[in-house]
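# Commentary on secondary and tertiary structure
Listed below, chain by chain, are the residues.
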Amino acid sequence: MAAFTERMVPVLVLWLAVCLSGSWAVDRGNFKTCDQSAFCKRQRALKPGQSPYRALLETMELTNTRLTLQLINDNNKVRLLLELYRLQGNMTRVKINELKPLKPRYEVPDVLIQEPPTEPLSLLSQDENGVVLSLGAESQRVIVSARPFRLDIMEGREVLMSLNSRGLLAFEHLRTRKDTFSYKVTSTVASVWDNINQADPETEKKEEADPANQAEEAVKEEEDKVEDGMWEETFKSHTDSKPNGPSSISLDFSLPGVEHVYGIPEHADALKLKTTDGGDPYRLYNLDVFQYELHNPMALYGAVPVMLAHNAQRTTGIFWLNAAETWVDISSNTAGKTVFGKMLDYVQGSSETPQTDVRWVSESGIIDVFIMLGPTPQDVFSQYASLTGTQAFPPLAALAYHQCRWNYNDQEDVQTVDAGFDQHDIPYDFIWLDIEHTDGKRYFTWDPHKFATPKDMLQGIMDKRRKMVAIVDPHIKVDSNYKIHNEIRSRSFYIKNKDGGDYEGWCWPGNAGYPDFTSPEMRTWWASMFAYDQYEGSMENLYTWNDMNEPSVFNGPEVTMHKDAVHGAWEHRDVHNLYGFYVQMATAEGLVQRSGGVERPFVLTRAFFAGSQRYGAVWTGDNAAEWEHLKISIPMCLSLSLVGISLCGADVGGFFKTPSSELLVRWYQTGAYQPFFRAHAHLDTPRREPWLFGPENTALIREAVRQRYALLPYWYQLFYHAYRTGHPVMRPLWVEYPQDLATFAMDDQFLLGRDLLVHPVTEEGARGITAYLPGKGEVWFDVHTFQKHNGAQNLYVPVTMSSIPVFQRGGSIIPRKVRVRRSSTCMEHDPYTLYVALSPQRAAEGELYIDDGHTFNFDKKREFLHRRLSFTNNILSSSNLAPGSQFSSQSWIERILILGASKPSKVTLKTADGQESQLEFEFDASMSVLTLRKPGMNVGADWTVVLQ
């Protein structure tokens, strides 16, 4: 029987996988709408209007760091505690919890990198209607209105943001269940006594007149009200027991003057968020959604509860720190108006200021919200980074090209694919192994027949200075012969079901347990499993991929875990969106520890939360080989970039289905200019290594990949800045051109840093694209032809199959390595070429950042080079931006191209030791390009080049 069961497991899992994926379209019936989510339905039934909440000003306490104040719900007399903090860096924090909850409510740990430092709040004025507090900076203040409770943040006479202005604050207090058998017995006895008392009419009159009794009645009436889904909820065949009853929270925010809001990934939707009137709210609930649909607000694999609001005057942000299922409603008073309608308003002098209203609703926990007041986009990025940290600085190789599929069959297959790249002269750095490399989906193991000698395989790759990624998922096969399972069970590290046993569900191995990654002890143990003596067959060039970590449970509600599963003192409903964050955290920590804290890790995750940027990379999950999926990869990664996650990419070629050769080529061309560049494909799709589509397409793909490798110095420098500042690598145009209205909803092109503008070709059969070049008085250079174009114009660019429209901003200097080799590590000591694109003022500046590419020595020992490159008054110079740092590089400058130059009579190089030499140059008058050949100075040296 055991043998039969063992044989049936793969069959059942395959059947489940087919049911989930075979239809090539999401089965919407597997996932809840707001109407099917009881708390969302209850909260959405509340209409804007008079709020029942009142601020009890007599309870106000103001210390140097915070204000506390009680709020009362006049309908049920339940009191809440409001805490208000002014934070360093122009932020305000608002916390609301029950004053006396029946038991503690969940507050999200580990996401903030520290308790945010506060600044003093001071009282400006107070009367019976409210209080006014100073926020210090630039006449900023907070007005707390008492009846109904409302919070307004103002600067001068302008309202920046209002809380509860629409009266949608709602806080379901914890209560005891009233419809149980024991409660009914007690209440029956009580009602008998009531009847005896009520025989005395005098007693009855007294009780009716007593306000305390009336309050008690109101509370009793509210608590006796039992709606569907408050204490138990069924979706399809799954019942959620809801032992704590209703506990949801909601708060509305009004943003006067705002028409554009962004963020709250992950959704397969446009960059600019749509209004949700008449449809579902945007949902944040990490789910394994097979074949997701585009352009809708359904939840996907990750959730970052951060929204940015932008207009020409200011950028602000809202960070809603809650890890439970969350829905976000957006409405706007200008939504649906045509351009003509808006013009008519303007002509007629309509005084209606545009306004966007946002409402957040979460199933449990508390209200803990950070209001980031900008005022610039860069300020908001810095503010959010100060709360949750910056993008992990990846090893340089992780920014190169990754080759993956489900699955490379065996060691011989890996060797053949690896050799194929060399044979076709296409560079790559990482080859990936999916779930089939393991021994029966037991992670941390290798298939004994197909991957019998993993170290030999890894050494073969290492000899070519390449690396490998193997998948390690967080569902653990329940099997008493499997060391990992036995250890987790014996240490009681599995998540429990509501009855106290180990929670089990179906995933790739069949029956699986799910480690409780919310436990620090569990995470420490998990990290220790990556040690070279624990993870057999692993070597220093093996890195990790965490998939299915939403968590995915094939036979669970909505293909995920039951909400009444238990993590220590908390229910899964409280922590759900944190699970993937913790899996990646523990895995990254394991990769750091195995090297004794020396080597930077690389971990890819599918599920994520706020703060996941600290632990590695994210991808957009199981996309499809369709043109629309190629297009949506741009806004999906831009949305992630805006909320701190810079290392983002989409499966090149599409995971499901089979791309045409045209789509595949265009996807490589797009992916080469997105941060995480990996091709991946489903088990059932035909093989699609880059050389399988004929020599012409191989050449086109080779060229796209080589462009990526040549630009690696620029990518690396952008990621260094992302790590240091929190500023995104891939940016919507409005981030750099915040007053240019034309850019606010643009998501078919993007910037890399400030200096490269990319408009990939994402239309089938395209003969041309129209790129918008921003910046009045600026110029942009086509990086392929060096042709100069003016800013502030829509430029039509004819395209062929080899075209990737990319432009360099006049006024910038970008370093490249044009000698492309088989991997990025092979290019370590190669020389640099500087591309100097002059502004109309004939000036330019840029940087060059170099370190060892893989260790933490840049941080711990300050071992790096950081150079400032500057061109002004016909002098190009290199100076040290980091005097306290030390690092030596063998690389040198082999060529300098100056775009938009005029012809000099001579060119002189002056080195730091005072030596001068004449440089050879060529001038192309038709394109105004000056090329200086073999100047030869070391990249770490001070030097100047003078054009005469």
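As the structure is a prediction and not an experimental result, all values here were calculated from the model.

Here is what the cut-offs are and how they apply
- Residues numbered from 1 in each chain as written.
- Predicted model: local features only at pLDDT ≥ 70, side-chain atom pairs only at ≥ 80, totals over all residues.
- Heavy atoms only, no water.
- Helix = DSSP H or I, 4+ residues; strand = E, 2+ residues; numbered from the N terminus.
- Rg over C-alpha atoms; globule rule 2.2 N^0.38 Å.
- Buried < 20%, exposed > 50% of the residue type's maximum accessible area, 1.4 Å probe, protein only.
- Contact = heavy atoms within 4.5 Å.
- Areas by Shrake-Rupley, 256 points an atom, 1.4 Å probe, with all protein chains shown as cover.
- Pairing = 2+ DSSP bridges.
- Salt bridge = Lys/Arg side-chain N within 4 Å of Asp/Glu carboxyl O.
- Disulfide = S-S within 2.5 Å.
- Axes fitted to C-alpha atoms, helices over the stretch in contact; angles between N-to-C directions.
- Parallel < 35°, antiparallel > 145°, perpendicular 65-115°, else oblique.
- Nonpolar A, V, L, I, M, F, W, Y, C, P; charged D, E, K, R; others polar.
- Phe/Tyr/Trp six-rings, centres within 6.5 Å; stacked < 30°, edge-to-face > 60°.
- Lys NZ or Arg CZ within 6 Å of the ring centre and 35° of its normal.

## A short note on the overall build of the protein chain
The helix and strand tally for the protein chain stands at 19 helices and 53 strands. Relative to the 2.2 N^0.38 estimate, which gives 30 Å for 948 residues, the radius of gyration of the protein chain is 30 Å and therefore close to what a compact globule would have. Overall, the protein chain is about 115 × 80 × 50 Å in size when its C-alpha atoms are taken along their principal axes. Looking at the protein chain as a whole, 60% of its 948 residues are labelled buried. Of the contacts made within the protein chain by residues no fewer than 6 positions apart, 72% connect residues no fewer than 24 positions apart. Carbon and sulfur atoms make up 51% of the accessible area of the protein chain, which totals about 36100 Å².

## A few points about the pairing of strand 18 (residues 315-320)
Within strand 18, 6 of the 6 residues are buried, which leaves it mostly tucked inside the rest of the structure. Burial along strand 18 is two-sided: the residues T315, G317 and F319 and T316, I318 and W320 are all buried. Note that strand 17 (residues 306-310) and strand 18 share 5 bridges and pair antiparallel. By the bridge assignment for strand 18, H310 is matched with T315. Connecting the antiparallel pair strand 17 and strand 18 is a turn made up of 4 residues. Both strand 18 and strand 21 (residues 367-372) contribute to a ladder of 4 bridges, which runs antiparallel.

## Side note on the pattern of salt bridges
One pass over the full model with this rule turns up 61 salt bridges. Residues R491 and E487 are paired through a salt bridge, measuring 3.0 Å at the closest nitrogen-oxygen approach. On the basis of relative accessibility, which here comes to 25%, the residue E487 falls in the partly exposed class. Where K496 meets D502, a salt bridge forms, and the shortest distance between an N and an O atom there is 2.7 Å. A relative accessible area of 18% places K496 in the buried class.

## Observations regarding unusual backbone geometry
Of note, the amide linkage connecting P265 to E266 takes the cis form, showing an omega dihedral of 25 degrees. The peptide bond linking E550 to P551 adopts the cis configuration, its omega dihedral lying at 5 degrees. Locating P551 in the fold gives a position in the loop between strand 28 (542-546) and strand 29 (566-567). In this structure, Q291 is a non-glycine residue whose phi angle is positive, near 55 degrees. Considering the arrangement of structural elements, one finds Q291 in the loop between strand 16 (282-284) and strand 17.

## Side note on the sheet that holds strand 27 (residues 510-513)
Think of a sheet as strands paired side by side through backbone hydrogen bonds, with each pair either parallel or antiparallel. A sheet is described by the order of its strands in space; here 3 strands give the open sequence 25-27-26, paired in antiparallel fashion. Unpaired on one side and paired on the other, strand 25 (476-477) and strand 26 (504-507) mark the two borders of the sheet. Relative to strand 27, strand 26 runs antiparallel, the two being bridged by 4 bridges. Residue pairing across strands places E504 opposite G513, the latter belonging to strand 27.

## With respect to the state of the cysteines
One pass over the structure, following the stated rule, counts 2 disulfides. Taken in N- to C-terminal order, the disulfide-linked cysteines of the protein chain are connected 1-2, 3-4.

## Re the packing of helix 15 (residues 661-671) against helix 16 (residues 695-710)
Interhelical geometry of helix 15 versus helix 16 gives an angle of 10 degrees and a closest axis separation of 8 Å. Comparing the axis directions of helix 15 and helix 16 gives the class roughly parallel. Here S661, L664, V665, Y668, Q669 and G671 of helix 15 come into contact with helix 16, specifically with N697, L700, I701, A704, V705 and R708. Residues of the contact of helix 15 with helix 16, tallied by class, amount to 7 nonpolar, 4 polar and 1 charged.

## What to know about the pairing of strand 39 (residues 779-782)
Alternating residues of strand 39 divide into V779 and F781 and W780 and D782, and every residue in both groups is buried. Count of turn residues in the strand 39/strand 40 (residues 788-790) antiparallel hairpin: 5 residues, of which F786 carries a positive phi of about 70 degrees. Of the pairings in the sheet, the one linking strand 39 to strand 42 (residues 806-809) comprises 3 bridges and is antiparallel in character. Bridge assignment links W780 to a residue of strand 42, and that residue is R809.

## Let's talk about the environment of M60
Here M60 lies in strand 1 (residues 53-62). Exposure remark for M60: the relative accessible area of 17% places this residue in the buried category. Between the alpha carbons of M60 and E628 there is a distance of 54 Å; along the sequence they are 568 residues apart. For M60, the residues in contact, after removing those within four places along its chain, are L67, T68, L69, L123, Q126 and V131.

## Observations regarding the sheet that holds strand 35 (residues 730-731)
Strand order in this open sheet of 6 strands is 35-36-37-42-39-40, and the pairing throughout is antiparallel. One side of each edge strand has no neighbouring strand; the edge strands of this open sheet are strand 35 and strand 40. Relative to strand 37 (residues 756-758), strand 36 (residues 750-752) runs antiparallel, the two being bridged by 3 bridges. Considered in strand 37, the bridge of F750 is made with V758.

## A short note on helix 15
Summarising burial for helix 15: 10 of the 11 residues are buried, a large majority. E662, L663, L664, V665, R666, W667, Y668, Q669, T670 and G671 are the residues of helix 15 that are buried. Of the surrounding elements, those touching the buried residues of helix 15 are strand 22 (401-403), helix 14 (627-642), strand 34 (677-679) and helix 16.

## Side note on the packing of aromatic side chains
Scanning all chains against the criterion turns up 49 aromatic pairs. Ring centres of F444 and Y535 lie 5.3 Å apart, and the angle between their planes is 75 degrees; this geometry places the pair in the edge-to-face category. Placement of the pair is F444 in the loop between strand 23 (430-433) and helix 9 (454-463) and Y535 in the loop between helix 11 (520-528) and strand 28, with a sequence separation of 91 residues. Both residues of the pair, F444 and Y535, count as buried. Positioned above the aromatic ring of W715, the side-chain terminus of R708 is 4.2 Å from the ring centre. Stacked on the ring of Y835, the Lys or Arg R816 has its end atom at 4.5 Å from the ring centre.

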